[in-house]
Structures are given as structure tokens and as C-alpha cells.
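# Structure assessment
Chain by chain, the residues:
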Amino acid sequence: MTVRFSRRAAAKGLTAAAVSPLALTACGNRRPEHPTDLSQSDIDKAMDTPTEISYWTWTPGIEREVAMFEEAYPAIKVNVVNAGQGGGHYAKLRTALRAGDAPDAAQIEFYMIPSFAITDDLVDLRPYGADAIADKFADFAWGKVLGENGEVWAMPQDAGPMGMLYREDILSEHGIEVPQTWDAFAEAAAAMREADPEVYLTNLLPGDGQFFDSLLWQAGADVFAGSEGTTVRIDATSEAAEQVVGYWSELARQDLVSVDPGFNDQWYQAFNRGKYATWVAPAWAPTFLATAAESTSGNWRVASMPQWEADAPPVTSIWGGSTSSVMATTENPIPAAVFVQFLNSDPDSAFAMATEQFLFPTTKAVLQNPDFTGQEPDFYGGQTVNQVFADISETYLPDFTWSPFQSQVYADYGNTVSAAFTQRGDAVAALADWESRITEYALNQGFTVEGS
Amino acid sequence: MTAVTLPESSETKRQRRSLGHTKRPSTILTVAALAAAAYFLLPLFWLFVSSTKTTGDLFSTFGLWFAGDFSLFGNISRTLTQEDGVFLQWMGNTLLYAVTAAGGGALLAALAGYGFAKYRFKANRMMFLGVLGAIMVPATALAIPTYLVFSEMGLAGTRWAIILPSLVNPFGLFLMRIYTESAVPDSLIEAARIDGAGEFRIFFQVVLRLLAPGFVTVLLFTLVATWNNYFLPLIMLNDPKLFPITVGLARWQGQAAAGGGATGDLIPLVITGSLLSIIPLVIAFLFLQRYWQSGLVTGSIKQ
Amino acid sequence: MTMTTTLDKRSAATGGRPDAKRRFKPNRSATGYLFVAPFMIVFIALFLVPLVYAAYFSLFREQLVGGNAFVGLDNYARAFGDAALGEGIVRMALYFFIQVPFMLLVALFLALVLDSGLIRLTRTVRLAAFVPYAVPGVIATLMWGFLYGPDYGPLTQVAEGLGLTPPDFLSSDLMLGSLANIVFWEFTGYNMVILYAALRAVPTELYEAAAMDGASPFRIAWNIKIPLLRPALMLTLIFSIIGSFQLFNEPNLLQGLAPDVINSSYTPNLYAFNLAFVGQEYNYAAAVSFVLGAVILAGSYLFILLTNRRSRS
């Protein structure tokens with residue numbers, strides 16, 4: 001069998017050698033025409049036809065929610081594939097899209113939606129009834145899955161409105177109040193260093209573009225505001241951006257905050273050993289920290305993100321969160337679209353994701369469900385953490401734009417502004433470098449670039 | 001000066017060993033060599049110590065010594081039962097990939113090495129050099145074109161996408177050619193021919209036996225290379241059921257390091273899984289050490 | 001690919017192989033092709049075809065906006081003017097000159113010591129040195145990453161316990177050394193075994209006489225054994241050149257620990273990877289890979305030329 005197989009493979013390989021890259025590319029770009037108008041009976045018919053679809057996701061234990069879908073639609077079988085996450089997931093997804101091997105649906109993070117939309121890899125879910133379920137979702141999530149012309153590119157799964165986790169014991173030991181504003185935060189940072197040189201008030205995660213985005217976002221520094229289609233507007237040196245970067249740059253230079261890279265063992269150790277008194281972090285952080293810093297259980301509390309304006313209503317931004325989208329290469333758009341809608345909007349499925357997988361919900365129903373908001377985890381001394389974040393999520397700023405090549409933007413951030421933070425150099429000056437790198441890349445990729 | 005290594009070298013080895021016994025061991029050299037050994041074992045010691053710790057202890061106790069709780073067995077059982085025992089499946093996959101690739105790879109290398117060494121044909125040198133030249137281009141960034149070609153052949157996403165490329169081992173080819181030149185006397189082949197044996201019969205019944213030590217060497221190197229293969233399966237395989245252990249562990253590691261959900265608890269599994277995954281290779285080395293050394297003996301001296 | 005040409009020449013020059021043997025190649029070319037066919041077919045289908053296709057692919061430019069177009073050698077022209085690529089290559093050359101000689105010297109030292117019978121516990125030392133080769137690079141980097149930790153890493157804690165100032169292994173000054181150490185750890189034993197096995201094959205008569213004459217073990221090692229190891233050293237060196245310039249896994253995994261030090265173009269291979277999968281510049285990434293392949297080829301060729309000249313004189 002081996003022999004026969006490899007001989008056939010070799011023969012096909014030689015054939016493949018003869019075809020041009022255009023032919024190969026074309027086979028990947030062979031996109032089925034997707035309907036723009038569907039009746040309910042079309043949908044019902046498709047959902048009663050036995051079909052297998054595949055879904056790439058990194059959410060552990062999602063089989064539970066998938067089973068709910070399969071129970072509701074017994075004709076449809078969903079193959080769940082955990083193909084990894086982060087950069088590896090997107091690399092594989094891009095490769096598979098090229099070759100025409102992509103799944104019918106895939107999990108992607110909010111910030112990647114424009115990047116997959118620009119390459120025509122996503123199916124607009126409006127013809128499949130997405131608009132009808134729009135009001136099930138909280139605004140902060142729904143607003144971020146929409147395209148420029150109102151397309152619905154994905155279904156929100158989980159999100160991360162920003163707040164702040166803090167060590168109640170450390171702050172009270174040194175008589176430091178929970179800072180409400182960034183001014184107070186800077187003072188507290190200095191006070192903390194004075195009180196205990198082993199402890200930093202917080203760690204500025206360098207290299208994490210999404211965290212940096214959340215800081216810009218909260219200050220109203222919308223770097224790609226006004227970008228549309230193939231025109232990209234870049235303004236990385238706005239007053240708001242310089243304010244944010246200048247603030248953190250100064251704290252870093254004076255060694256009032258640490259600049260340790262995150263999500264590695266040193267960082268977990270630092271939490272366990274009390275190096276950081278706060279973590280400016282999103283709604284998914286509480287669960288994450290509870291396993292990563294087990295030994296500090298009971299000492300943490302949750303509060304709002306510090307504010308730039310003391311008197312204005314508080315505002316917050318979002319870090320992370322993900323969605324389910326339907327890939328344009330699918331032959332089964334109806335089952336795939338109904339699946340991603342069910343998975344994220346069905347009350348039972350959404351509730352299970354919030355309470356079994358501990359993902360921060362994006363549906364109004366779960367955000368208001370007392371069984372969710374009333375949880376009192378011991379790690380946070382019995383505080384109703386979910387309630388705090390549900391309230392915070394109401395204060396999010398709607399205006400923030402991701403570029404259609406956001407991972408490149410983060411990579412360039414890492415080489416410029418982030419590097420300046422870590423080396424305690426002039427990060428404000430690095431903003432211009434960041435902007436020029438993004439500009440050069442965008443021009444290379446054929447975009448029209450408009451400056452500030 | 002290199003014309004010394006026909007298979008009688010095991011004879012010389014024995015002589016030399018007795019010679020070695022007459023020397024007085026040097027304390028300074030022993031200490032230096034043991035220091036080197038300690039250096040090589042240090043990370044593995046860390047790995048062992050860490051796999052005995054709970055998540056909490058892992059991040060709050062000194063890394064090079066044991067913590068109060070000895071949870072090695074708990075960690076092992078968690079590793080083996082996580083996601084319905086997918087770890088064992090990964091181990092099984094790795095074993096399958098490594099063993100088939102090693103066996104097939106060594107056979108192909110032996111056949112080709114023998115062909116290049118003992119037959120004169122037009123494209124001989126060109127093909128041989130082509131193989132060596134091809135490995136100089138790094139394949140990492142060529143994943144997309146490679147994947148497209150593999151996908152076109154219907155290989156992408158299947159076990160064959162891992163096994164077939166692993167059959168080609170340029171280092172093995174190199175070694176087998178040199179080995180054949182030194183270990184297989186032409187007179188022997190000629191004698192067999194006079195007896196009327198066919199070319200392939202000569203290879204399988206006469207030559208292969210002489211090549212055995214070199215064969216085992218290539219087998220082992222291919223085994224290790226396939227066992228440790230990371231990037232090719234990462235790109236080629238989507239289904240976790242087909243993952244080898246390296247990709248599986250990297251996925252757990254990625255999951256542990258990403259925000260969202262309760263995932264920090266996976267880190268002890270990555271560590272314990274790493275420990276478990278290298279044990280079979282260490283055993284394979286110990287077991288095949290004898291052959292493998294004698295295989296290299298004739299191989300490497302003769303280039 | 002010039003490696004073998006030269007190696008053949010070398011052994012011919014030193015009379016390593018009787019010429020008669022060389023002439024004995026029965027003119028059974030069909031059978032010859034049959035023997036190499038299985039290997040060559042797999043090689044052509046799974047290595048050469050993708051490679052040729054990638055080379056073809058590198059002549060195009062596909063943009064996010066504007067589609068795909070044939071651009072000839074534009075991507076190569078861009079690569080030659082690309083400062084990030086140039087820096088990466090220079091960095092790898094530096095890395096090569098730090099890492100490889102040290103690794104091979106230690107491997108040689110261990111091989112000579114083990115071979116000399118001058119130490120106790122030979123088997124333990126040999127196994128300890130070789131075990132790291134059995135550890136996947138991914139796991140090796142993970143382990144060293146933990147050990148390197150600047151605050152709570154065990155090495156730092158030991159240093160602090162002894163009242164020393166611990167070095168920051170992940171700082172920009174030391175990163176190249178820290179990477180070199182990981183590769184050193186992984187491959188010293190492997191190279192040691194190749195050299196050791198070569199030494200075991202040297203017949204004792206060659207230096208027994210010298211030993212009788214009262215030559216010290218060190219003199220014997222220097223004057224007799226090391227010259228005999230030249231071919232084996234050559235092989236390990238060529239493969240080290242390839243390995244150095246293609247460095248990818250270790251920096252890729254250490255990036256998470258020091259994102260500001262290991263930027264996206266830290267090594268040329270990492271750069272090509274990031275071009276492809278972060279920036280979606282697949283065609284340019286392919287061109288960069290081929291440029292890197294050419295650099296490795298040139299490096300190997302230059303190296304063989306130099307050693308050959310020295311061995312002739």
C-alpha cells in the first residue's frame with residue numbers, strides 16, 4: 001500500500017511541478033459564490049441535509065457547546081479541530097486557505113477580523129440571519145465584528161473589557177489607595193517603590209501589542225481612524241498617543257514600573273512572589289491569574305482601569321477576546337453560519353462558555369445573568385468579579401480601528417516603541433519610527449496611505 | 001592515512017581497550033569531564049525536579065530543588081489523561097513516524113549510497129551534489145509553496161506528509177556512500193557476480209550485512225531527527241489526532257501562555273510531557289549504543 | 001554541494017583510496033539508477049519540486065491590494081538592499097565564529113579524553129554528553145529559558161545566594177551567547193560522538209610507537225590524533241555552518257522571554273518566517289530563503305577552499 005501510494009504521489013508531484021504558481025494560487029482562491037439573499041426555507045432545508053462541517057478553535061472543552069448544537073440540528077456534524085492558537089493558528093489558517101484545505105469555520109480574534117476581511121477570506125453573515133440576532137450581543141462586542149459596509153464578519157465569542165486587578169494586602173500594608181486616575185497611579189507607583197524596593201506597582205508588558213492597543217484605545221488614540229478599504233490612514237503621533245506613551249515611558253525611565261515580558265514563567269513567578277501590586281488587565285485575566293498565581297489566592301481584588309480625566313465619566317477599552325467566523329472557502333456556508341451563530345448566541349451555549357470555560361461573555365443575557373455575575377471566587381476574597389467587569393464593560397469607548405495587517409503593526413511596535421520602553425529610552429520619539437515602518441509596509445502591500 | 005577501517009576495527013578496539021587499562025586515570029581530566037557531564041545533565045535535572053511540582057510550587061519555589069509536595073505521579077497521570085489521553089496518541093504517532101521514517105530512510109539511504117558508490121552512471125555526481133545543495137536552502141519560510149505542492153499531491157494533512165519527507169536523509173546518504181566505499185570490497189561483489197547472483201540479490205544478501213553498522217547509525221540519526229521534527233508537522237498537520245509529541249506539547253505550551261479561560265494549569269503538563277517524551281529516545285540510545293558506535297567508526301573516518 | 005567534490009579530491013590526493021578501486025565501476029548504469037531511484041524519487045517529489053516551485057514563486061509579488069504579478073528578480077534586488085537581512089546575516093556570522101569553534105573544541109577535547117582512557121566513568125560521561133542530542137530543540141529551549149530567568153531563574157538565584165551579581169542572560173549583550181549555549185548544549189555531544197568514533201577507528205600501532213618513545217598523551221593527541229580527525233572535523237563543520245545560518249527554533253522560542261532583544265529579523269531564517277507569516281510577503285520570504293541558501297553555499301565553499309589550500313601546502 002505504501003508503495004502504491006507513494007508512486008501515485010510522486011506521479012502527481014511531477015504533474016504539480018508543471019503547473020504554474022498562478023494555477024496553484026488560483027486553486028486556493030477558488031471561492032464558491034455565496035448567496036446574498038436566502039429565505040428561511042433555504043436555511044431550514046440546508047440544516048436538515050446531513051452535512052459535516054469543520055471548526056478550528058483553541059477553546060478547550062468546546063465539545064460541550066458543540067454537542068448542544070448537534071442536538072438542536074441532528075443532521076449537522078461538526079468536527080472540532082484544535083489547531084493551535086496565536087501566530088501558529090493564523091499561519092496554518094492562511095496556508096490552508098491558500099491550498100483550499102481551510103475549515104468551514106474558525107475562531108479568530110477580534111483584531112484579526114480586518115486582516116482576514118481584506119483578503120476576502122470571510123463570509124458576510126447577514127444573509128444567514130446574523131442581523132436578527134444582533135441585539136443579543138453587547139455593543140462592545142457587536143461593534144467590533146462589523147465591516148465598513150455593515151457586513152457581519154464574525155460572531156463574538158468572548159471579550160476582554162479592561163479593568164485593574166490589585167493586591168489588596170500589599171496596597172493596604174503600605175497605605176496606598178487604589179488609584180482612580182493615571183495621575184494617582186503614577187504617584188502610587190513612586191510611593192510603592194519607596195515603601196518596598198522589591199515591589200513594583202505594575203509591570204508594563206513590553207512586546208504585547210494588544211495590551212498597548214488597549215492603553216491607546218482608552219486614551220482615544222485611534223491610530224488607524226478613518227482607514228477604509230484599500231486606503232489606510234495612520235496617525236501614531238497624535239497628542240493622545242504621545243500622552244499615553246510619554247506617561248509610561250517616564251514611569252519606565254524612572255524605574256517606577258517594571259518592564260518584564262509577559263506570559264512566561266518569570267512573569268508567573270513574579271505574580272506568585274508579589275513583585276507586582278497591580279495588573280492593568282482585561283476581564284479574562286481574573287480566571288487566568290487564579291491558576292497562574294495560585295499561591296496568592298485571597299489577596300487580589302478587581303477595580304476599574306485608572307482614568308485620564310478625573311471628572312469625566314470613566315472609560316475603558318478592550319484587550320483580547322475572540323470570535324467565530326465562516327471561511328469564504330466553505331462549501332457549506334449555511335450550516336457553518338448557523339453553527340457559529342448558535343454557538344455564540346444560544347443562551348445555554350453562551351452560558352456554558354462563561355461558566356465552564358470561564359470566558360468573559362459577550363451576550364447581554366449572560367452579562368445580566370445572576371448565576372454568572374453573582375459568582376464569588378475565593379481568589380478575589382469573595383468579590384463579585386464578574387459583576388465588576390460587567391459594569392466596566394458598559395463604559396467602553398466605541399471608537400477604535402484595527403488595520404488590515406494588524407499582526408505586522410504589532411511586530412513593528414515590538415521593534416520600535418516597545419523596545420524603547422524596555423530599554424527605558426525615548427518611546428515618544430519611537431512613535432514616529434513605528435509610523436514610518438507601518439507606512440512603508442502598507443505601501444509595499446499596495447495600500448494608499450494617508451498621513452495625519 | 002585513512003585506509004584503515006575495514007570491519008576488523010572491532011579487533012583493534014579490543015586491543016586498545018586493554019591498552020587503556022594500563023594507564024593511570026588522571027584526576028584533573030576526570031574532574032573536568034565530570035564537570036562537563038554535570039553541565040549537560042543540569043537542564044534535565046531541572047526538568048525532573050520541575051515535573052515533581054504542583055503549579056503553585058513550580059512558580060514559587062527554587063527551581064533546582066524539590067518542593068514539599070512530590071506530585072510526579074499526579075502530574076504523570078494528569079498528563080496521560082488530559083483531553084482523553086491525547087498525549088499517548090501523540091506518543092504513538094511520534095513512534096510511528098520515527099520508526100517508519102527511520103527504517104525506510106535507512107533503507108533508501110543504504111540503497112542509494114551503495115548505488116552512488118559502486119555504479120558509474122551519467123547523472124551520478126550531479127544527483128549526489130544536488131541532494132547536498134538542496135539542504136542549504138532553509139525550508140522554514142518556504143512552508144507556503146511546500147504546502148501548496150503537498151496539498152496538490154493530496155499529502156497535506158495526512159501522516160504521509162510527515163513520513164515521506166523524513167525518508168530523505170541527506171546526511172544518511174552521505175554516510176552510507178562513504179561507508180559502502182570502505183566496508184564493501186569490490187572483489188566481493190565481483191565474486192558474487194561470477195556465482196551468477198543478480199545485482200539486487202547481491203545487495204540484499206551480501207552487501208546489506210556488511211553495511212549493518214552504518215545502517216543502524218543512519219537509522220538512529222533519522223529516528224532522532226523525526227522524533228524531534230517540529231516545523232514540518234506544525235504546518236502540514238491540522239488534526240491534533242495526527243500530531244507528533246513536539247507539536248502537541250508546543251500547543252499545550254501556547255495554550256498555557258495565552259489569555260482567556262483557565263489554562264495556566266497546563267504548564268506542569270508541558271513539563272511532565274517533555275520528560276516523558278525524551279525517555280524512549282534515551283532508552284533507544286542505550287539499547288543501540290553498541291551498534292551505533294561501531295557504525296560510526298567506519299563511517300566517519302573515511303570521508 | 002562542492003563538499004564532496006573536494007573531499008573526493010582530498011582523499012585521492014592523500015592516497016586514501018586505491019585508484020584501482022575507483023576504476024572498478026561496472027558499466028551497469030541502469031542498475032545504478034535503480035538503486036538510487038527510490039531515494040531520488042522521494043527527494044525530487046518532496047524536496048526538489050517544492051524547492052523549484054518556491055524559486056518560481058519568488059519571482060512573483062502578490063500584494064494584499066493589487067493581486068499577483070510577475071516581477072522577475074525584483075525580490076532578489078530588494079533582498080540585497082535589505083538592511084534587516086544584512087544585519088541578520090552578519091549576526092549569524094558572528095554567532096558562527098563564537099559558537100562553532102568552541103563547540104567543536106569541547107567536543108574534540110571530550111572525544112580525546114574519552115578515547116585516551118585517562119579518566120574514570122567513561123561511559124557515564126559519554127552518555128551524559130550525548131543525551132542532550134535526544135532532547136527536541138523545542139524542549140531544550142524551554143528548559144534553558146526557565147534556567148535563564150532574570151529574577152527567579154535558578155542560575156540567578158544561585159548566583160545571588162553566593163553573593164554574586166547574576167548576569168542577565170536575556171539582555172541584548174548576552175543573548176547571542178545564551179543562544180549559542182543552547183545550541184552548544186544540544187550538539188556538542190553529537191559532534192563528540194562522531195569524533196570519538198573516528199578516533200576509535202585509528203589503529204593503536206600508529207601511536208603506540210610514539211608512546212614507547214615517551215611522548216606524552218597530549219603530544220600524541222596533538223601530533224597524531226588530531227591530524228587524523230581532519231575529515232570528521234570537516235563533516236561536523238559543514239553541518240555546523242548550515243545549522244548556524246539556519247538558526248530558527250531557539251530564537252523563535254526565546255522571543256517570548258525577551259521580545260525587545262530578539263526582534264523579528266534577529267536571525268535571517270526568523271526574518272524570512274516573519275515576512276511570510278506575519279507580513280504575508282510570501283514571495284519575498286521565498287527570495288530571502290534562497291539568498292540565505294546562497295550565503296550558506298558560498299560559506300561552505302569558501303571554507304572548503306581555505307582548508308584545502310592549507311592541507312596542500
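Residues numbered from 1 in each chain as written. Chains lettered and ligands numbered in written order. Predicted model: local features only at pLDDT ≥ 70, side-chain atom pairs only at ≥ 80, totals over all residues.

Within chain B, the regular secondary structure consists of 13 helices and zero strands. Each helix (α) and strand (β) of chain B, taken in turn from the N terminus, gives the series α-α-α-α-α-α-α-α-α-α-α-α-α. When burial is assessed residue by residue, chain B has 57% of its 303 residues classed as buried. Within chain B, residue pairs in contact and separated by at least 24 positions form 76% of the contacts whose partners lie at least 6 positions apart. (Helix = DSSP H or I, 4+ residues; strand = E, 2+ residues; numbered from the N terminus. Buried ≥ 20, exposed ≤ 12 C-beta atoms within 10 Å, placed from the backbone. Contact = placed C-beta atoms within 7 Å.)

Here we take up the overall build of chain C. Within chain C, the regular secondary structure consists of 15 helices and two strands. Across the 313 residues that make up chain C, the buried fraction comes to 54%.

Residues and elements named next belong to chain A. Counting buried positions along strand β8 (residues 318-326) gives nine out of nine residues, so the element sits mostly inside the fold. Bridge analysis of strand β3 (residues 105-109) against β8 gives five bridges, and the strand direction is antiparallel. In the strand pairing of β8, I108 is matched with T323. By the bridge criterion, five bridges tie strand β4 (residues 155-167) to β8 in an arrangement that is antiparallel. Counterpart to P161 in the pairing with β8 is I318. (Pairing = 2+ DSSP bridges.)

One frequent convention defines the size of an interface as the accessible area lost when the parts assemble. If you look at the interface, chain C gives 29 residues, while chain A gives 38 residues. The set of elements that each furnish at least two residues to the side of chain C that touches chain A consists of α3 (29-57), β1 (60-63) and α14 (268-277) of chain C. At seven residues, the largest contribution of residues to the side of chain C that touches chain A is made by α3(C). Across the side of chain C that touches chain A, the residue classes tally to 18 nonpolar, nine polar and two charged. (Nonpolar A, V, L, I, M, F, W, Y, C, P; charged D, E, K, R; others polar.)

Contacts between the two partners involve 87 residues from chain B and, on the opposite side, 96 residues from chain C. Looking at the side of chain B that touches chain C element by element, the count peaks at twelve residues for helix α2 (residues 27-50) of chain B. Per-class residue counts for the side of chain B that touches chain C are 57 nonpolar, 21 polar and nine charged.

Below, the discussion takes up the environment of T146(B). Mapped onto the elements, T146(B) comes out in helix α6 (residues 143-152). Sequence spacing of T146(B) and F243(B) is 97 residues, and the spatial spacing of their C-alpha atoms is 19 Å. The residues touching T146(B), leaving out its near neighbours within four places in the chain, are A139(B) and P50(C).

On to the nonpolar core. One finds F339(A), F39(C), L195(C) and V288(C) to be the most contacted residues of the largest nonpolar core, which totals 350 residues. A total of 17 residues in this core trace back to one element, the largest contributor, which is helix α9 (residues 175-200) of chain C. Here this core spans two domains, since at least three of its residues come from each of domain 1 (19-159 + 320-373) and domain 2 (160-319 + 376-450) of chain A. Those residues in contact with F339(A), other than ones at most four positions away along the chain, are I53(A), Y55(A), F69(A), I76(A), V78(A) and A105(A). (Core = buried A, V, L, I, M, F, W, Y, C linked by C-beta atoms within 7 Å. Domains from an automatic or database assignment.)

Two faces belong to every sheet, and in a regular strand the side chains alternate between them. All names here are of chain A. Taken across its five residues, β3 has five buried, putting it largely inside the fold. Burial along β3 is two-sided: A105, Q107 and E109 and A106 and I108, pointing in opposite directions, are all buried. Relative to β3, strand β1 (residues 51-56) runs parallel, the two sharing two bridges. Each bridged residue has a counterpart across the sheet, and for Y55 the counterpart in β3 is A105.

Now for the packing of helix α4 (residues 63-72) of chain A against helix α14 (residues 333-345) of chain A. Residue and element names in this part refer to chain A. Here α4 crosses α14 at 120°, and the two axes come no closer than 10 Å. Comparing the axis directions of α4 and α14 gives the class oblique. Crossing of α4 against α14: the hand is right-handed. Taking contact as the criterion, the partners of E65, F69 and A72 in α4 are, on α14, F339, F342 and L343. (Axes fitted to C-alpha atoms, helices over the stretch in contact; angles between N-to-C directions. Parallel < 35°, antiparallel > 145°, perpendicular 65-115°, else oblique. Left-handed = near helix turned anticlockwise from the far one by under 90°.)

Here the focus is the packing of helix α3 (residues 40-48) of chain A against α14(A). Residues and elements named next belong to chain A. Look at α3 against α14: their axes get within 9 Å of each other, and the N-to-C directions meet at 95°. Taken as axis vectors, α3 and α14 run roughly perpendicular relative to one another. Residues I43, A46 and M47 of α3 touch α14, and the partners they reach there are I334, P335 and V338.

All names here are of chain A. Not every positive phi belongs to a glycine, and D120 is a case in point at roughly 55°. Mapped onto the fold, D120 is located in the loop between α6 (113-118) and α7 (139-142). Of note, F263 is a non-glycine position whose phi angle comes to about 60°, a positive value. Within the element layout of this structure, F263 appears in the loop between α11 (239-253) and α12 (265-272). Assessed through the 20 C-beta atoms surrounding it within 10 Å, F263 is described here as buried.

Residue and element names in this part refer to chain B. Per-residue confidence for chain B gives a mean pLDDT of 80, with 85% of residues at or over 70. Across chain B, element-level confidence peaks in helix α4 (residues 72-118) with a mean pLDDT of 92 and bottoms out in helix α1 (residues 9-21) with 41. Low confidence marks residues 1-21, where pLDDT is under 50. Its contacts with residues over four positions away, or in another chain, come to 32 contacts. Low pLDDT, under 50, characterises residues 295-303; the stretch is placed with 48 contacts to residues that sit more than four places away or in other chains. (pLDDT = per-residue confidence, 0-100.)

A word on helix α10 (residues 209-218) of chain A. Residues and elements named next belong to chain A. Counting buried residues along α10, ten of its ten residues qualify, which places the element largely inside the surrounding structure. Along α10, the residues that are buried comprise G209, Q210, F211, F212, D213, S214, L215, L216, W217 and Q218. Those residues of α10 that are buried are in contact with β4, α11, β8 and α19 (406-415). Among the residues trailing α10, G220 stands out with phi positive, at a value near 80°.

Residues and elements named next belong to chain C. Overall, the prediction assigns chain C a mean pLDDT of 83, with 89% of residues at 70 or greater. The lowest-confidence element of chain C is helix α1 (residues 2-13), averaging 36 in pLDDT; the highest-confidence one is helix α4 (residues 74-80), averaging 95. The low-confidence segment residues 1-25 (pLDDT under 50) makes 30 contacts with residues lying over four places distant or belonging to another chain. Of the two predicted TM-score estimates for the complex, the pTM is 0.88 and the ipTM is 0.87.

Before going further, it helps to spend a moment on α14(C). Among the ten residues of α14(C), ten are classified as buried, and the element is accordingly described as predominantly covered. Within α14(C), the full set of buried residues consists of P268(C), N269(C), L270(C), Y271(C), A272(C), F273(C), N274(C), L275(C), A276(C) and F277(C).

What follows concerns the environment of F358(A). Counting through the fold element by element, F358(A) comes out in the loop between α15 (347-355) and α16 (364-367). A C-alpha to C-alpha distance of 29 Å links F358(A) and T181(A), two positions 177 residues apart in sequence.

The next subject is the environment of S325(A). Note on placement: S325(A) falls in strand β8. Residues S325(A) and S172(A), spaced 153 residues apart in sequence, show a C-alpha to C-alpha distance of 45 Å.

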